[in-house]
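Descriptive structure summary
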Amino acid sequence: QVHLVESGGGLVQPGGSLRLSCAASGSIFSIYPMGWYRQAPGKPRELVAGISSGRITRYADSVKGRFTISRENAKNTVYLQMNSLKPEDTAVYYCTMGEWIKIVTGTPNYWGQGTQVTVSS
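Residues numbered from 1 in each chain as written. Predicted model: local features only at pLDDT ≥ 70, side-chain atom pairs only at ≥ 80, totals over all residues. Heavy atoms only, no water.

**Description of the overall build of the chain**
Worth spelling out the cut-off: By definition, any uninterrupted DSSP run of H or I lasting at least four residues is a helix, any uninterrupted run of E lasting at least two residues is a strand, and each is numbered from the N terminus. C-alpha atoms define the radius of gyration in this analysis, and the globule rule sets the expected value at 2.2 Å times the number of residues to the power 0.38. Under the scheme applied here, a residue whose accessible area is under 20% of the maximum for its type counts as buried, over 50% as exposed, and between as partly exposed, the area being computed with a 1.4 Å probe on protein chains only. When checking whether two residues touch, look at their non-hydrogen atoms; a contact exists if any pair is within 4.5 Å.
On a plain count of helices and strands, the chain comes out with one helix and 11 strands. Listing each helix as α and each strand as β along the chain from the N terminus yields β-β-β-β-β-β-β-β-β-α-β-β. Against the 2.2 N^0.38 benchmark of 14 Å for 121 residues, the chain shows a C-alpha radius of gyration of 13 Å, consistent with a compact globule. In terms of its C-alpha atoms, the chain occupies a principal-axis envelope of roughly 40 × 25 × 25 Å. For the chain, the proportion of its 121 residues judged to be buried stands at 44%. Taking contacts inside the chain between residues at least 6 apart in sequence as the whole, the part at least 24 apart equals 58%.

Put into structure tokens, the structure is as follows:
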């Protein structure tokens, strides 16, 4: 069984930065793609960023140039560096793991519990 635990969320002012972390249990981390999803109130979940086992990345158009996804296999951890944050980035952010096709189509095998990010002055 895989467990994903997110951390690093919080309240930040517009223009600020946050780094989310997701620690995964198990020995399969290095072979699986990872992704970050988010869900704002009243909106569907959306893929924010994904990273394959070979470190190929994909980003939502709304975050390109501001967010960076990375992974550190030795620590079973994936990160989401978020810069130039906007109020519309406010959402619960979820860490996910699964086959690439599942990551990019909204059906990852595993989900974390989520961490709240609030961008407000």
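The structure having been displayed, the exposition proceeds.
**Examining the environment of asparagine 83**
Short version of the rule: As used in this structure description, the phrase polar contact means that two N or O atoms lie within 3.5 Å; if the pair is within protein, one of them must be able to donate a hydrogen and the other to accept it, and residues adjacent in sequence are counted only when both atoms belong to side chains.
One can find asparagine 83 in the loop between strand 8 (77–82) and strand 9 (91–97). Its relative accessible area of 30% is what places asparagine 83 among the partly exposed residues. As a C-alpha pair, asparagine 83 and arginine 19 span 64 residues in sequence and 8.5 Å in three-dimensional space. Residues in contact with asparagine 83, not counting those within four places in the same chain, are Gly16, Ser17, Arg66 and Phe67. A polar contact is formed between the side chain of asparagine 83 and the side chain of glutamine 81, at a distance of 2.9 Å.

**Quick look at the pattern of salt bridges**
The line we're drawing: Whenever a carboxyl oxygen of Asp or Glu lies within 4 Å of a side-chain nitrogen of Lys or Arg, that contact is scored as a salt bridge.
In the structure shown here, the tally under the stated rule is five salt bridges. The shortest N-O distance in the salt bridge between aspartate 89 and arginine 38 comes to 2.9 Å. One end of the pair, aspartate 89, is in the loop between strand 8 and strand 9; the other, arginine 38, is in strand 4 (residues 34–39), with 51 residues separating them in the sequence. Judged by its relative accessible area of 0%, aspartate 89 is buried. In this structure arginine 38 comes out as buried when scored by relative accessible area, which is 6%.

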